[in-house]
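Coordinate analysis (summary)
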Amino acid sequence: MSVQSTRRSNPVHGISCGRAQRERILGQAGSPDPVLSALVAVIAAQIAEHCGHRLLKCRRLAMGWTVAQAVKATHDFVEQECLTSVGLTVRSWKDWEAGQPPNPDYQDLLCHLFTTNPVELGFARDYSPAPPQHNSPHWNTVRGDITLSEGGADHAGMGPQTMEVEETKRRDALKFAGLALTAPAAAAQILQQAATEAMEFTRQAEASALGSGTLDHLDLAVTEFNHAYSLKPPQQVFGAVLDYRRKVDGLLKGKHTHPQGRELLAFAGWLSELLAWLAHDLGDAHTGLAFANDAFIHAQQAGHGQLCAWAMDAAASINLYEQQPGKALAAARKGLAEAPVDHPLTVRLHAQAARAAAAAGDTAGFTADFQAAEDAYRLLPPRSPRRFGMDVLPLADYALTSYPATSFIWLGQAEQARRHAEHALSVYESAPETSRSPSREAIARIDLALAHAQLGDPDDAVALGHQALDSTRIVGSVLGRAGDLTSFLARRYPRQAAVEGLRERLAATGAAARPVARP
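Residues numbered from 1 in each chain as written. Predicted model: local features only at pLDDT ≥ 70, side-chain atom pairs only at ≥ 80, totals over all residues. Heavy atoms only, no water.

**With respect to the overall build of the protein chain**
In terms of helices and strands, the protein chain carries 22 helices and four strands. Expressed as a percentage of the 519 residues in the protein chain, the buried residues total 47%. Sequence separation of 24 or more characterises 67% of the internal contacts of the protein chain that already satisfy a separation of 6 or more. (Helix = DSSP H or I, 4+ residues; strand = E, 2+ residues; numbered from the N terminus. Buried < 20%, exposed > 50% of the residue type's maximum accessible area, 1.4 Å probe, protein only. Contact = heavy atoms within 4.5 Å.)

Given below as structure tokens:
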């Protein structure tokens, strides 16, 4: 015989009696809202004792639900907790209350719904010893309330009024906890149920839908994507990174622990930061800035200041290429507020700020910010930090080497620009073959071409422009700077056939971007 089919010998009361029991007990407990699970358990036990219903029905009546409301609450709970959908109907629920036990999956769901165990719903028997009864003289039953006896309050220095106030405080405290019920045994049941709830709170805090290797897999994937950025065309990498970004978003919406949540937020930020650069390389500034902002927000939520700074580094570059120096400067400053002072990223962000000042025509601002970048560089520790296994010092080196040439172009100081561009180009050309950066070399050649154009040498400028377009890694930033070169040449030397030839070649080149490093 199943546990559910066991019947009581005493008469079964109507449901109105169960509802009356519920209202009485809630009134004695001070009509709490919401009603604690422990109090619901005691109401259910009282209905079972007084009315004779099966335990599942008692629990439903203790909740104040009709059968239809109980079915709807179950479906709502399944949706809220992202559980597997169920086909529960009113007919099924009535069958359960009539004594036909649900299958194990539904038993587990109902225990989850009512935050209880199979014994409390009549699905199993409890063979453990009964809880001890209170025999202490300090406990007394008065009109259905559990209070402390007057003798228990008779402390030194307490008069009758003081004792009455203390007595009232105790009763209020007990009611607040849901203990103002019928007997000491009921109070013990509440405390036992509360312990069960505490264990459930702990279980939920540790519950996670993430597999044991999910976070390790994400770390490996983000590492590989960062390496692929330097080796594969951005249009190819973008799709793969976006797919993983969507996967992480799904994991964030699922069940995970708080520490896992912080790690997932950080992975979301790293993927969005990379997507910002890839979108920039593909010539889509709007998408790039959207992902840079997304990276910053997720990094903030993860408490990852360095990632916030990386996101703003991307935003600064994208805004500069969009001819928004004010926004670029604001992004650089925002990043500097988060970046570690002894990190190469701080050098780079100071250099970004200097470049933004130059784009705005602010010579003094450029000088001050670039000096800050050089000062920060001298304070770097002997061992350079790494980002997903890669040394980040070259990004600071590039900023100090290449940004001055671009900045002096924008400031109209052609001779200074020529000197810095020649130095940058020689540095890049002398690098080992395995660490050469064709896109950086291309931008250095464009800077040098612009310096020659400003100095009145269009032939060398055009030749350098063609060399830049010969690069094996053409990204959006290279195309953008090449556009600056051809526009300047067309304005300064409008009747030069060589200039028109360079413009036609640039138009035909398109956006075949295979970046090696961030510009």
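**Some points on the packing of helix α11 (residues 258-281) against helix α13 (residues 305-321)**
Two numbers describe how α11 lies on α13: the axes approach to 10 Å, and their chain directions differ by 15 degrees. Here α11 is positioned roughly parallel relative to α13, judged by the angle of their axes. Crossing hand, α11 versus α13: left-handed. Between α11 and α13, the contacting residues are Ala266, Gly269, Trp270, Glu273, Ala276, Trp277 and His280 on the first element and Leu307, Trp310, Ala311, Asp313, Ala314, Ser317, Ile318 and Tyr321 on the second. Counted by class, the contact of α11 with α13 contains 10 nonpolar, three polar and two charged residues. (Axes fitted to C-alpha atoms, helices over the stretch in contact; angles between N-to-C directions. Parallel < 35°, antiparallel > 145°, perpendicular 65-115°, else oblique. Left-handed = near helix turned anticlockwise from the far one by under 90°. Nonpolar A, V, L, I, M, F, W, Y, C, P; charged D, E, K, R; others polar.)

**Quick word on the pattern of salt bridges**
Applying the stated criterion across every chain, the model contains 19 salt bridges. With a shortest N-O distance of 3.8 Å, Arg59 and Glu120 are connected by a salt bridge. With Arg59 in helix α3 (residues 55-63) and Glu120 in the loop between α6 (104-114) and β1 (139-142), this pair connects stretches of sequence that are 61 residues apart. Assessed through its relative accessible area of 1%, Arg59 is described here as buried. Three or more residues are tied together by salt bridges with common partners; here these are Glu415, Arg418 and Glu422. (Salt bridge = Lys/Arg side-chain N within 4 Å of Asp/Glu carboxyl O.)

**What to know about the nonpolar core**
Ranked by internal contacts, the top residues of the largest apolar core, which has 55 residues, are Val241 and Leu278. For this core, the secondary-structure elements that each account for two or more residues are α9 (214-228), α10 (234-253), α11, α12 (285-302), α13, α14 (325-336) and α15 (344-359). Sort the elements by how many residues they give to this core and α11 lands first, with 13 residues. (Core = buried A, V, L, I, M, F, W, Y, C linked by side-chain atoms within 4.5 Å.)

**Some details on unusual backbone geometry**
The phi torsion at Cys82 lies on the positive side, around 55 degrees, for a residue other than glycine. Here Cys82 shows up in the loop between α4 (67-80) and α5 (90-97). With a relative accessible area of 60%, Cys82 lands in the exposed category. Phi angles above zero are rare outside glycine, and Thr115 is one such case at about 50 degrees. With respect to the helices and strands, the residue Thr115 is situated in the loop between α6 and β1.

**Concerning the environment of Ala399**
Structurally, Ala399 can be placed in helix α17 (residues 393-411). With relative accessibility at 0%, the residue Ala399 sits in the buried group.

**A short note on the packing of α4 against α5**
Taken N-terminus to C-terminus, the directions of α4 and α5 make an angle of 110 degrees; their axes are 9 Å apart at the nearest point. One element, α4, and the other, α5, form an angle in the roughly perpendicular class. Taken as a pair, α4 and α5 cross one another with a handedness that is right-handed. Of the residues in α5, those in contact with Val67, Ala68, Ala70, Val71 and Thr74 of α4 are Val90, Trp93, Lys94 and Glu97. Its residues placed into classes, the contact of α4 with α5 shows six nonpolar, one polar and two charged.

**What about the packing of aromatic side chains?**
For the coordinates displayed, the defined rule picks out 11 aromatic pairs. With 5.0 Å between their ring centres and 85 degrees between their planes, Trp270 and Phe388 make a pair best called edge-to-face. Taken as a pair, Trp270 in helix α11 and Phe388 in the loop between β3 (386-387) and β4 (390-391) lie far apart in primary sequence, 118 residues in all. Just as Trp270 is buried, Phe388 falls in that class too. (Phe/Tyr/Trp six-rings, centres within 6.5 Å; stacked < 30°, edge-to-face > 60°.)

**Some points on α11**
Its 24 residues place the ends of α11 35 Å apart at the C-alpha level, agreeing with the 34 Å of an ideal helix rising 1.5 Å per residue. Counting buried positions along α11 yields 20 of 24 residues, so the element is predominantly enclosed. Once α11 ends, the next one or two residues include Gly283, with phi positive near 85 degrees. (Expected span 1.5 Å × (residues − 1).)

**Things to note about the environment of Lys232**
One can find Lys232 in the loop between α9 and α10. Take Lys232: its relative accessible area is 40%, and that puts it in the partly exposed class. Linking Lys232 and Arg473, residues 241 residues apart in sequence, is a C-alpha distance of 9.6 Å.

**A short note on α6**
Of the residues making up α6, those classed as buried are Tyr106, Gln107, Leu109, Leu110, Cys111, Leu113 and Phe114. Along its buried surface, α6 packs onto α3, α4 and α5. Two to three positions downstream of the cap, the backbone nitrogen of Asp105 sits 3.0 Å from a side-chain oxygen, assigning the N-cap of α6 to Asn103. Taken from the residues just after α6, Thr115 is the one with a positive phi, measuring 50 degrees. (Polar contact = N/O pair within 3.5 Å; in protein donor to acceptor, adjacent residues only side chain to side chain.)

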